[in-house]
Amino acid sequence: MQNRDKLYINGQWVTPSGRNTIDVINSSTEEVMATIPDGDENDAAAAVAAARAAFDAWSATPPAARADYLRKIHEGLKARSQELAEVIAGEVGMPVKLSAAIQVGSPVANFGYYAKLANEFEWEEVAGNSRVVREPVGVVVCITPWNYPLHQIAAKVAAAMAAGCTIVLKPSEVAPLNAFVLAEVIDAAGVPAGVFNLVSGTGPVLGEALVRHPDVDMVSFTGSTRAGKRISEVAAATVKRVALELGGKSASVILDDADLAAAVKGTVNACFLNSGQTCSAHTRMLVPESRYEEAAKIAAEVASKFTVGDPFGGTAKLGPLVSEAQRERVRSYIRKGMEEGAELLCGGPDAPADLPKGYYVQPTVFGRVKPDSTIAQEEIFGPVLSIITYKDEDEAVRIANGTLYGLAGGVWAGSDERAQQVARRLRTGQVDINGGTFNLFAPFGGYKQSGRGREMGKYGMEEFLEYKSLQFKPGAPVLSEKAPY
Ligand code: NAD
């Protein structure tokens, strides 16, 4: 893997001001895959200046022309799909086949979608004696995490570019290599200089310098609730718009008339995807007290079929966790669950047998977890499922809503109608009904401390737009004119 020693600023690969580098570690070999620049405040300032200078022309570029660039990026990413799937399998640890379908398939689709949306969107409307115009918010800083690195980048960058914003991207320093490939694709697509800029470095230094910068209009952040709070504080000094996609502790509520086998299997799958490193993972499975024994047995059986191993080996369903720090964090939560008296149904804190290298953990299921215990309240971000029992539907809803978070969830019932009724009572951004699947066009985001704002679909692009209203004298001819786009 190629070391990266330049940043992409103002349409060029430039030598960074920060002279240090950061090692990117392969999660299954524990070896250094490549190094990236550890950018500093000067790099932040250069990237923001480039984005600011490019804004007037890009925001005035007709949406159809912006769409043409997005389509070229879509094609460019598609052509490099296999390479990207391997890069992300190395950085994050997701098995390469799944990585191709999910980690790369979704961002490729998203660039294509936002090209289409830019063409179809209603940019103006009439309200009484006003024309209401949607305009790009300005220079946007995008700060992203490591778990679905390119997906989270595309959800922001494609939507913000379609909206007419210019961008400074700071990807996660843990899984940044895919972002360098994206910058090459954007460069090859001929996107005007300064519209997209890539800087790399740490959150507290480079990230905060970007968030603090007075020429930045908006910060779009995905990551931990802890960092989201800090970013909100720093951004408040200049009253920036802040969009936050944060953590989760989502519940899968299995009602008494559900198909138990399908519901438990679906929940285990929704918990363990990407080794549990998914913000919307269904990490709490709520089952009626009367069906606990049956549910626990099925869950342990399903979990034991999650073979753990080399993401490049072809047979593993679960790869390693992303880093040593993450592995230790997950193991300490498993120990905590045991100390707090939950029933360990399968897995445990020890490394899986025969995998001496790589940040692997065993898929783990706890039964009879108390709703207020640590493992039922805190985001673990590993393949750890907690089964919690309830007496009646009201108690199930109370437990499901009983955390600081509100990102996702699921309801399983004998009918979609019944499941939907319970789903409407959950204080959370998205709910899968009887195993309903992820939808790229639906709004994604959280209630409560899971964040603020929505990504994906038209809702994601609207986050990057301002409203402007132009008042005319009633009946003025301009009110019946068509929008210029
Ligand atoms: P993290 O918060 O540690 O880091 C995310 C990004 O923020 C990185 O680029 C990091 O460098 C940067 N950062 C950290 N501190 C910063 C600061 N003070 N100022 C500016 N930037 C800063 O999160 P992570 O470990 O990379 O990702 C895992 C977390 O992300 C989990 O909590 C997960 O739930 C959450 N997540 C949420 C969503 C969602 O859509 N809601 C999606 C994926 C991940």
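See above for the structure.
Presented here is a report on the structure given in the accompanying data block. Keep in mind that this is a model prediction, so the values were computed, not measured.

### Observations regarding the site of the ligand
Among the 29 residues in the neighbourhood of the ligand, the closest are listed as Gln 152, Glu 173, Ser 224, Leu 246 and Glu 379. Contacts to the ligand include Thr 144, whose backbone N or O atom sits 2.8 Å from an oxygen atom. The separation between an oxygen atom of the ligand and a polar side-chain atom of Ser 224 is 2.6 Å. The fraction of the free accessible surface of the ligand (850 Å²) that becomes covered by protein chains is 91%. Among the detected pockets, the ligand sits in the largest pocket. No other element matches the 4 residues that helix 8 (residues 225-236) contributes to the shell around the ligand. Looking at the shell around the ligand residue by residue, the class counts come to 12 nonpolar, 10 polar and 7 charged.

### Quick look at the packing of helix 5 (residues 149-163) against helix 6 (residues 177-188)
For the pair helix 5 and helix 6, interaxial distance at closest approach is 9 Å and the crossing angle is 45 degrees. Relative to helix 6, the element helix 5 is oriented oblique. As helix 5 packs across helix 6, the resulting crossing turns out to be right-handed. Contact residues: Pro 149, Leu 150 and Ile 153 in helix 5; Asn 178, Ala 179 and Leu 182 in helix 6. Class assignment of the residues belonging to the contact of helix 5 with helix 6 gives a composition of 5 nonpolar, 1 polar and no charged.

### Re the environment of Pro 349
Mapped onto the elements, Pro 349 comes out in the loop between strand 14 (343-346) and strand 15 (364-367). Beyond its immediate stretch of four places on either side in the chain, Pro 349 contacts Arg 331, Ile 334, Arg 335 and Met 338.

### Digging into the sheet that holds strand 15
Strand order in this open sheet of 7 strands is 14-15-16-13-12-17-18, and the pairing throughout is mixed. The open sheet has two edge strands, strand 14 and strand 18 (432-433), and neither has a second partner. Pairing of strand 13 (residues 282-288) with strand 16 (residues 384-390) involves 5 bridges; the strand directions are parallel. From the neighbouring strand, Arg 284 faces strand 16, where its bridge partner is Ser 386.

### Brief notes about empty space enclosed by the protein
Under the defined criterion, the tally for this structure stands at 5 cavities of 30 Å³ or more. A volume near 100 Å³ is recorded for the largest cavity. If you trace the largest cavity, you find 15 residues lining it, with Ala 251, Arg 284, Ala 400, Ala 408 and Thr 428 closest to the centre. For the lining of the largest cavity, the class distribution of residues is 6 nonpolar, 6 polar and 3 charged. Around the second largest cavity sit 15 residues that line it, and Ser 220, Ala 243, Glu 245, Arg 454 and Glu 455 are the ones nearest its centre. Going through the elements one at a time, helix 5, strand 10 (218-222) and strand 11 (241-245) are the ones with two or more residues in the lining of the second largest cavity. Split by residue class, the lining of the second largest cavity holds 6 nonpolar, 3 polar and 6 charged.

### Focus on the packing of helix 3 (residues 81-91) against helix 6
One can describe the packing of helix 3 onto helix 6 by two numbers: an axis separation of 9 Å at closest approach and a directional angle of 155 degrees. By the angle class used here, helix 3 and helix 6 are roughly antiparallel. Contact residues: helix 3 offers Glu 83, Leu 84, Val 87, Ile 88 and Glu 91, while helix 6 offers Leu 177, Asn 178 and Val 181.

### Remarks on helix 3
Regarding helix 3, the residues found buried are Leu 84, Ala 85, Val 87, Ile 88, Ala 89, Gly 90 and Glu 91. Residues of helix 3 that are buried sit in contact with strand 3 (21-25), strand 4 (32-37), helix 2 (63-79), helix 4 (96-120), helix 5 and helix 6. Note on helix 3: the residue one or two positions beyond its end, Gly 93, has a positive phi of about 105 degrees.

### Some thoughts on the sheet that holds strand 6 (residues 130-136)
Read from one edge to the other, the open sheet built from 3 strands follows the order 5-6-20, with strand pairing classed as antiparallel. Either end of the sheet is taken by a strand with one partner, and the two such strands are strand 5 (124-127) and strand 20 (465-471). Each adjacent strand pair in this sheet contributes to an overall mean axis angle of 30 degrees, direction not counted. With 4 bridges joining them, strand 5 and strand 6 adopt antiparallel strand pairing. When the bridges of strand 6 are listed, Glu 124 appears paired with Val 133.

### Topic: the pattern of salt bridges
Inspection of the entire model under this criterion finds 28 salt bridges. For the salt bridge of Glu 83 with Arg 80, the shortest nitrogen-to-oxygen distance reads 2.9 Å. For Glu 83, a relative accessible area of 35% puts it in the partly exposed group. Across the pair Arg 368 and Glu 343 runs a salt bridge whose closest N-O atoms are separated by 3.9 Å. Remark: Glu 343 occurs in strand 14 and Arg 368 occurs in the loop between strand 15 and helix 12 (374-377); sequence separation between them is 25 residues. Look at Arg 368 and you get partly exposed, because its relative accessible area is 33%. The exposure class assigned to Glu 343 is partly exposed, which follows from its relative accessible area of 35%. Sharing partners across several salt bridges, the network here consists of Asp 256, Asp 257, Glu 393, Asp 394, Arg 418 and Arg 425.

Each value, and the rule that gives it
Residues numbered from 1 in each chain as written. Predicted model: local features only at pLDDT ≥ 70, side-chain atom pairs only at ≥ 80, totals over all residues. Heavy atoms only, no water. Near = heavy atom within 4 Å. Polar contact = N/O pair within 3.5 Å; in protein donor to acceptor, adjacent residues only side chain to side chain. Areas by Shrake-Rupley, 256 points an atom, 1.4 Å probe, with all protein chains shown as cover. 1 Å grid on protein atoms, 1.4 Å probe; cavity = no way out; pocket = protein on both sides within 12 Å on 5 of 7 lines; lining within 4 Å. Sits in = over half its atoms within 2 Å of the grid points. Helix = DSSP H or I, 4+ residues; strand = E, 2+ residues; numbered from the N terminus. Nonpolar A, V, L, I, M, F, W, Y, C, P; charged D, E, K, R; others polar. Axes fitted to C-alpha atoms, helices over the stretch in contact; angles between N-to-C directions. Parallel < 35°, antiparallel > 145°, perpendicular 65-115°, else oblique. Left-handed = near helix turned anticlockwise from the far one by under 90°. Contact = heavy atoms within 4.5 Å. Pairing = 2+ DSSP bridges. Points joined across faces, edges and corners; volume = space filled by probe spheres on them. Buried < 20%, exposed > 50% of the residue type's maximum accessible area, 1.4 Å probe, protein only. Salt bridge = Lys/Arg side-chain N within 4 Å of Asp/Glu carboxyl O.

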